[in-house]
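Structural description and commentary
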Amino acid sequence: MFYYISFLRPPPCSCLLSAPSVLITPQIANDLRTELYDDACDLYFAWLPLPPTHGTVGFEKLTTWRSSTLYKPVDVPLPRNVKLGQQWRLALCAPFDGHHKKHELPLIDLAATDFGNRPFPVLSLPISFISGSHVGRAPGGKKTKASSALTKSEKQEEIERCFFVSSTGEVNTVVTIKEQTSFDLDKKIWDSGLALSSWLRRKIALFKDEGPVEHDLAKELELFARLLSNESCNLACLGTGTGLVGIALAALLQTRQSLAPRNILVTDLPSAIPLIQHNISANAGLYTSVSLAADVLDWDEVSHQLPPEYNNRIDVIIMADVTYNTASFPSLIRTLKSLFSLPAQSSTEEGNPSPTPPLALLAYKERDPSERTLWEMARGVGIHFEQIDAISGAGGDPVEIWLGSAVV
Ligand SMILES: C[S@@+](CC[C@H](N)C(=O)[O-])C[C@H]1O[C@@H](n2cnc3c(N)ncnc32)[C@H](O)[C@@H]1O
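Reading the values: rules and limits
Residues numbered from 1 in each chain as written. Predicted model: local features only at pLDDT ≥ 70, side-chain atom pairs only at ≥ 80, totals over all residues. Heavy atoms only, no water. Phe/Tyr/Trp six-rings, centres within 6.5 Å; stacked < 30°, edge-to-face > 60°. Helix = DSSP H or I, 4+ residues; strand = E, 2+ residues; numbered from the N terminus. Buried < 20%, exposed > 50% of the residue type's maximum accessible area, 1.4 Å probe, protein only. Lys NZ or Arg CZ within 6 Å of the ring centre and 35° of its normal. Pairing = 2+ DSSP bridges. Axes fitted to C-alpha atoms, helices over the stretch in contact; angles between N-to-C directions. Polar contact = N/O pair within 3.5 Å; in protein donor to acceptor, adjacent residues only side chain to side chain. Contact = heavy atoms within 4.5 Å. Parallel < 35°, antiparallel > 145°, perpendicular 65-115°, else oblique. Nonpolar A, V, L, I, M, F, W, Y, C, P; charged D, E, K, R; others polar. Near = heavy atom within 4 Å. Areas by Shrake-Rupley, 256 points an atom, 1.4 Å probe, with all protein chains shown as cover.

Our focus in this paragraph is the packing of aromatic side chains. Counted according to the given criterion, the structure contains 10 aromatic pairs. Seen in terms of ring centroids, Phe2 and Phe120 are 5.5 Å apart; in terms of plane orientation they differ by 70°. Their pairing is edge-to-face. Here Phe2, found in the segment before β1 (4–9), pairs with Phe120, found in the loop between β8 (107–109) and β9 (122–124); they are 118 residues apart in sequence, far enough to count as distant. Residues Phe2 and Phe120 agree in their burial class; the two are buried. Ring geometry for Trp375 against Trp402: centres 3.9 Å apart, planes inclined by 20°, an arrangement best described as stacked. With Trp375 in helix α8 (residues 373–380) and Trp402 in strand β19 (residues 399–406), this residue pair connects regions lying 27 residues apart in the sequence. For the pair Trp375 and Trp402, one class covers both residues: buried. One aromatic cluster is present, built from ring pairs that chain together Phe2, Tyr4, Phe115 and Phe120. Above the ring of Trp190, the side-chain terminus of Lys188 is found at 4.0 Å from the ring centroid.

Next up, the structure:
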């Protein structure tokens, strides 16, 4: 299980320059926000100006988080030298590691050996500093009408998290993912997606140019051969949510030179697409030679149309946390079956009527033991899943990494 720093009381979209502070309530909890971080944890804050300036960010201690003081608001002093009309973002992090010192952002290092042991940092959206006089509190702490109206209408509803993804060590490969503070399943980051991104980051680094290192599983070897070889590779992510795994993978593949086309299609229900599109565009500079696109793929729909450049072929299917609802298993399995048995297009695949079936990579965290019926159902349509790894984080149930392949 991982812990995420977030805002129980989010910062406002705008703040009077004359105000003494910005009021927030930090929270440290699991992905579902149902389990609070048990230990005391010092929280640090930093103000990041927009446009960003280069250099190190000065983090200062804000407070010590304790679950017993969960609802306690905290005053964050305004940025030093803030000027009218400027925009600043507020970063919160737990005691920081080397990367925070080197970067101007609070980063989640996907390659860290202690990945997920400490709560993940968070970044607010820009706060505009505006003119006007500060409406204080009446004696007794009661807010005036004007100040409560202002506070109510201006709370932020989105946050960002920044991921250091480089597999070759450059300092600037940073993926930024926007998520919503609401509980919509498709608009926030989940443990499984995060664990799978970290797993891919660490495994790809092991796969040096001269060939694989430290891989003993034949199917796992085949997976990375498909992802990193000089052959073209078509990937489809199902139930992608914010798009994190596909975007991180695109940035990782970009750092590995290949002359062959690499296509990643990140898919979800229609409600998820605008946020995925935003996240793809926000990180577009990181994957100029990898094609990354978003599209609707609803498992309940019977037929799925792939983009023409896919030539009706999928090499790797990627899924993270798509197993939380056993009622959706029949449609998910039907979707997998149809992607595993795509007929070759006669015009492009002449002489090869049965293309190699895809491999399916799945990140799974158990919420209920009944979810494990998925492997049996998959077997029933000719797909064999085996567990190839597990990622523990800060305790609790690990995220399991499973690899599915066609039964021969
Ligand atoms: C728990 S979220 C996981 C998101 C992301 N993979 C991650 O790990 O961060 C489950 C995702 O599955 C998607 N989903 C649920 N039912 C679906 C369906 N019938 N067709 C396509 N996607 C679906 C949801 O919209 C949501 O984005």
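The mixed open sheet is built from 7 strands, whose spatial order is β15-β14-β13-β16-β17-β19-β18. The open sheet has two free edges, formed respectively by β15 (291–296) and β18 (383–391), since each of these has just one partner strand. Strand-to-strand twist across the sheet, computed as the mean angle between neighbouring axes with direction ignored, equals 20°. As defined by bridge partners, strand β16 (residues 316–320) adjoins strand β17 (residues 359–364) across 5 bridges and the pair is classed as parallel.

Burial within strand β4 (residues 41–50) is extensive, with 7 of its 10 residues counted as buried. In this sheet, strand β5 (residues 60–65) lies alongside β4 in antiparallel orientation, the contact comprising 5 bridges. By the bridge assignment, Asp42 is partnered in β5 with Thr64. Pairing between β4 and strand β7 (residues 87–93): 7 bridges, direction antiparallel. Paired with Phe45 across the strands is Leu92, a residue of β7.

Structurally, Ser14 is set in strand β2 (residues 14–16). By relative accessible area, Ser14 is classed as buried at 13%. Polar side-chain contacts of Ser14 include one of 2.6 Å to the side chain of Glu154. For Ser14, the contacting residues outside a window of four places in its chain are Ile127, Ser128, Ile130 and Glu154.

Let's shift gears to the packing of helix α3 (residues 191–206) against helix α4 (residues 218–228). Contact geometry of α3 with α4 gives a least axis separation of 11 Å together with a crossing angle of 85°. Of the possible angle classes, the one that applies to α3 and α4 is roughly perpendicular. Along its contact with α3, which presents Trp199, Leu200, Lys203 and Ile204, the element α4 presents Glu220, Leu223, Phe224, Leu227 and Leu228. Of the residues belonging to the contact of α3 with α4, the class tally is 7 nonpolar, no polar and 2 charged.

Along the chain, Asp315 turns up in the loop between β15 and β16. Classification of Asp315 by relative accessible area gives buried; the value is 11%. Polar side-chain contacts of Asp315 include one of 2.7 Å to the side chain of Arg313.

Close to the ligand lie 16 residues; Gly239, Asp268, Leu297, Trp299 and Ala320 are nearest. With respect to the ligand, the backbone of Gly193 contributes an N or O atom lying 3.2 Å from an oxygen atom. Contacts to the ligand include Ala320, whose backbone N or O atom sits 2.8 Å from a nitrogen atom. Coverage of the ligand by the protein chains reaches 94% of its 590 Å² of free accessible surface. Here the shell around the ligand is built from residues that sort into 7 nonpolar, 4 polar and 5 charged.

From the geometry alone we can't say anything about function, so treat these as descriptive.
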